[in-house]
Amino acid sequence: MIDTHVLATAQRFGSRALTWLHAAHRDGLGRIPDNTVVDLATPNDAYKPLGELALAASVVLRDGVAGPAGTRAARELLDYAWEQLREGDLLYERQLRHVTMSDPLELYGHFARAGYRHPALDDLLESIGRLRAAHAIEIQGNRRLAIANARRLIGLSHQPDWAALTAGTWLGALPEPWAVEWEIAYQNTHTVFHLTDWGAHPEGLPEPIRDYLHDWLPAWLDIWLEIGQWDLAVELLMVDACIGEPITGRQGWDALAAVQRADGLVPRDANDPVSDDREEAFRENQHTAVVAVLAGDITLARALGADAAAA
Amino acid sequence: MPFAETSLREQYAAAVERVAGRTLDALRGGGDPAALVEPDAAVPRPLLAAVRLLGADLLAPSLFGGGEPDPATAALLAEARRVVPAPAPPSEQAALVIAWQDWAAGRLLVRAGHAEAAPRPAPLPGPEDLGWQAWSVRMSQLSVLALPTLDGPVHDAALAHALALARGTVRSMLRRDLTTAARLARWLAWTEAEGRRSRLDLEPVLDRIALAGDGSARTGLELALARRLLDRARPSDAEGGRAA
Amino acid sequence: MLTQFRTESASASQSATLAEAETLASLMVEDEAVVSDAPTYLPEAAGASLLAGLLLTSPKPPKEKPTR
């Protein structure tokens, strides 16, 4: 049974972050420059954030717990992101040129989740999936899971060996929990996100990893909350929602709700003050808004889903 | 006189290192802590304060040896408790911690014929009241209770909330407060000696603290006691000659 | 038993005794480290990551962009 105080806080937190994201994009922030070509010079500037926006919006639509205003905002954000990527043409051209690059595939997965399709890209990805080269690229374990989950979302025929992929991650080794680093913590959150498809399948997480997170997630959340790593703390709360019955309680939600501003912005961390320049503030804190939307949404959806299942 | 206070603290801390180091030696089979004191020589006051401060841990070597508290060491501890002014804690919580530390020493001294049985201090709040974080810090301050043959409500709480102790250990390790982590790891080793398998693998924790910790004899003593407790938890492993 | 130790006589002044009592207590009940030194963002760790490593992962690096 999840604490109703946590649910109310999570709901408010996520929906305010969604409002903030929606307002920013409505006002033209985060656009891809008109002269953009497939060889993106600065992919982290607009391209990657659009993918993250699509991720958050598509999960909100998938879960259907956002209410009419939230659902409408999510739909508009997805339409906007799809249009920015030229209805998928940008993804298609980038993937056509770079066979083993995974970011077009990963971005497309989030649109596919919400029914935005690009038939030529579907064919291209299916063809690439048959190449040994596509599976031979040398990357981190959690990144392999990202690709596997994208293929699953798009419905490609390649069937990954999930157990082998999981064994190749940090979490798969059940390491000493005190040896985690900031960067590793982000990798771990993504291992959980991809294995469960962002909370849709908690059972996708092997039992030993679930037990491991049950034991140590509270300690990780505590130490990163203490030093004001808000973005990472929100991701850890999302993990808590994705693994089934949340374990960390009110601590994180109360702390994060307290740092969220009235307009919905959640500061990335406590180190740097939020810029007075709106564009800069958007650029630096949009990732935290995305994870805030997801954490609130998944927490609510899992709790309501569990209640529905129990009823 | 701030200078005098600083120097008093330094004197005490240095004496604690001496006494802890001596206790470590005793634990490894090298005589008893009372050998710090030369027969018929005046015992320096900081040394007595250190004896008072380390309390029940002074008697740990004889407890791990399977026997009753060493008589000479018990006499020294009893004398320190008689002579050294009672500690003046800054808060009620600290007073309660000290009361429990003194309870542990008192229990062992009763067995050595040096003290009257003292009443149990008031119970400590649990993790459900304090949160597992603050509770585990409180338990780290009570690590002197984690000794063989001692038992009571604090020990019951340690067994009942072993996962909170393990989370507290990981939390302190990650905050790079390895002194607190060592004391919590000792509690976890105690729960293992009581037959509970810890959720946290303790050997690497103890190794890590030994390598990256403050290097003090006081922390070294916590680690050595933790290892001895682990040896009791897994007698078959102890054959491998694990260093105490 | 007690005769085997000769302990120094009690301190002369009350303030000395109080200082001893307070020092003793502070060493008996040591608090945890006030400031956490928990792991945080390392530029050298993120600097090695190209887009593939960062996609949909962490928000950093804000200022030190990886050179491509």
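Bear in mind that the values here come from a model prediction, so they are computed numbers and not experimental data. (Residues numbered from 1 in each chain as written. Chains lettered and ligands numbered in written order. Predicted model: local features only at pLDDT ≥ 70, side-chain atom pairs only at ≥ 80, totals over all residues.)

Asks: If you had to explain the overall build of chain B to someone new, which residues and values would you point to?
Replies: Of regular secondary structure, chain B possesses 12 helices and one strand. Reading the helices (α) and strands (β) of chain B from amino to carboxyl end gives α-β-α-α-α-α-α-α-α-α-α-α-α. On C-alpha atoms alone, chain B measures out to a radius of gyration of 17 Å, which is about the 18 Å that the 2.2 N^0.38 rule sets for 244 residues. For the C-alpha atoms alone, the extent of chain B along its principal axes is close to 50 × 45 × 35 Å. Classification of the 244 residues of chain B by burial places 55% in the buried group. Sequence separation of at least 24 residues holds for 72% of the intrachain contacts in chain B that already meet a minimum separation of 6. (Helix = DSSP H or I, 4+ residues; strand = E, 2+ residues; numbered from the N terminus. Rg over C-alpha atoms; globule rule 2.2 N^0.38 Å. Buried ≥ 20, exposed ≤ 12 C-beta atoms within 10 Å, placed from the backbone. Contact = placed C-beta atoms within 7 Å.)

Asks: Quick one: what's the story with the overall build of chain C, residue by residue and with numbers?
Replies: Of regular secondary structure, chain C possesses three helices and one strand. Going from the N terminus to the C terminus, chain C shows its helices and strands as β-α-α-α. Considering chain C as a whole, with its 68 residues, one finds that 28% of them fall into the buried category.

Asks: Explain the environment of Ala-56 of chain B to me, and be specific about the residues and the numbers.
Replies: Residue and element names in this part refer to chain B. Summarising the element assignment, Ala-56 is placed in the loop between α2 (45–54) and α3 (60–64). Note: C-alpha distance between Ala-56 and Ala-78 (22 residues apart in sequence) is 11 Å. Contacts of Ala-56, omitting those with residues within four sequence positions, involve Ala-104, Ala-105, Leu-108, Val-144 and Leu-147.

Asks: Account for helix α7 (residues 153–160) of chain B, with residues named and values stated.
Replies: All names here are of chain B. Taken together, the buried positions of α7 are occupied by Val-154, Ala-157 and Ala-158. Down the axis of α7, the smallest arc covering the buried residues is 100 degrees, so these residues share one side. Looking at α7, the residues exposed on the side facing more than 90 degrees away from the buried face are Asp-156 and Ala-160. Contacts from the buried residues of α7 go to α5 (92–111), α6 (127–140), α8 (162–174) and α9 (178–193). (Arc of directions from axis to C-beta.)

Asks: Before we move on, could you go through the interface of chain B and chain C and cite the residues and values that matter?
Replies: At the interface, 40 residues of chain B touch 26 residues of chain C. Looking at the side of chain B that touches chain C, the elements that each hand over two or more residues are α1 (2–27), β1 (42–43), α2, α4 (71–83), α5 and α8 of chain B. Counting residues per element, the side of chain B that touches chain C draws most heavily on α1 of chain B, which supplies six residues. Of the residues in the side of chain B that touches chain C, the class split is 27 nonpolar, four polar and nine charged. (Nonpolar A, V, L, I, M, F, W, Y, C, P; charged D, E, K, R; others polar.)

Asks: Let's hear about helix α11 (residues 207–226) of chain A: which residues, and what values?
Replies: Look at α11 of chain A: 29 Å from first C-alpha to last across 20 residues, which is about the 28 Å you get at 1.5 Å a residue. Where α11 of chain A bends most, the angle comes to about 45 degrees, and this point is Trp-216 of chain A, followed within four residues by the proline Pro-218 of chain A. (Expected span 1.5 Å × (residues − 1). Bend = angle between axes of the 7 residues up to and from the residue.)

Asks: How would you summarise the packing of α11 of chain A against α8 of chain B if you had to cite specific residues and measurements?
Replies: One can describe the packing of α11 of chain A onto α8 of chain B by two numbers: an axis separation of 9 Å at closest approach and a directional angle of 40 degrees. Overall, the two elements α11 of chain A and α8 of chain B adopt an arrangement that is oblique. Handedness of the α11 of chain A/α8 of chain B crossing: right-handed. Mapping the contact onto sequence places Asp-215, Trp-216, Pro-218, Ala-219, Asp-222 and Ile-223 of chain A in α11 of chain A and Leu-163, Ala-166, Arg-167, Val-170, Arg-171 and Leu-174 of chain B in α8 of chain B. (Axes fitted to C-alpha atoms, helices over the stretch in contact; angles between N-to-C directions. Parallel < 35°, antiparallel > 145°, perpendicular 65-115°, else oblique. Left-handed = near helix turned anticlockwise from the far one by under 90°.)

Asks: An account of the environment of His-5 of chain A is requested, with residue identities and associated values reported.
Replies: Mapped onto the fold, His-5 of chain A is located in helix α1 (residues 4–26). For the pair His-5 of chain A and Gly-88 of chain A, spaced 83 residues apart in sequence, the C-alpha to C-alpha distance is 41 Å.

Asks: Quick one: what's the story with the domain arrangement of chain B, residue by residue and with numbers?
Replies: Accessible area lost on assembly of the parts is the figure often given for the size of an interface. Residues and elements named next belong to chain B. Splitting chain B by domain gives domain 1 (1–119) and domain 2 (123–244). In this structure, domain 1 and domain 2 have C-alpha centres spaced 21 Å apart. When contributions to the side of domain 1 that touches domain 2 are tallied by element, the ones reaching two or more residues are α1, α3 and α5. Broken down by element, the side of domain 1 that touches domain 2 gets its largest block of residues, seven residues, from α1. Across the side of domain 1 that touches domain 2, the residue classes break down as 12 nonpolar, four polar and four charged. (Domains from an automatic or database assignment.)

Asks: I'd like a description of unusual backbone geometry, backed by residues and values.
Replies: Notably, Trp-198 of chain A is not glycine yet its phi reads approximately 55 degrees, a positive angle. Checked against the element boundaries, Trp-198 of chain A lands in the loop between α10 (182–195) and α11. Positive phi values are uncommon outside glycine, yet Thr-149 of chain B reaches one of about 75 degrees. With respect to the helices and strands, Thr-149 of chain B occurs in the loop between α6 and α7. For Thr-149 of chain B, a count of 13 C-beta atoms within 10 Å gives the class partly exposed.

Asks: Which residues make up the environment of Leu-178 of chain B, and what values go with them?
Replies: Residues and elements named next belong to chain B. Its place among the elements puts Leu-178 in helix α9. As a C-alpha pair, Leu-178 and Leu-96 span 82 residues in sequence and 24 Å in three-dimensional space. Once residues within four sequence positions are removed from consideration, Leu-178 is found in contact with Met-173, Ile-209, Ala-212, Gly-213 and Asp-214.

Asks: Kindly report on the confidence of the model for chain C, identifying the contributing residues and their values.
Replies: Any region with low pLDDT has predicted coordinates that should not be read closely. Residues and elements named next belong to chain C. Considering every residue of chain C, the mean pLDDT works out to 67; 43% of them sit at 70 or more. Summarising per-element confidence for chain C, the mean pLDDT is lowest in helix α3 (residues 51–54) (40) and highest in helix α1 (residues 14–28) (90). The model gives residues 47–55 a pLDDT under 50, and that stretch makes 19 contacts with residues more than four places away or in other chains. The low-confidence segment residues 61–68, where pLDDT is below 50, has 10 contacts with residues more than four positions distant or belonging to other chains. Scored by ipTM, the complex comes to 0.95, with pTM at 0.92. (pLDDT = per-residue confidence, 0-100.)

Asks: Help me get a handle on the packing of helix α4 (residues 89–97) of chain A against helix α6 (residues 119–129) of chain A, residues and values and all.
Replies: Residue and element names in this part refer to chain A. For the pair α4 and α6, the least separation of the axes is 9 Å and the interaxial angle reads 25 degrees. One element, α4, and the other, α6, form an angle in the roughly parallel class. Two packed elements cross with a definite hand, and for α4 against α6 that hand is left-handed. Mapping the contact onto sequence places Leu-91, Tyr-92, Gln-95 and Leu-96 in α4 and Ala-120, Leu-121, Leu-124 and Leu-125 in α6. Taken together, the residues of the contact of α4 with α6 break down into seven nonpolar, one polar and no charged.

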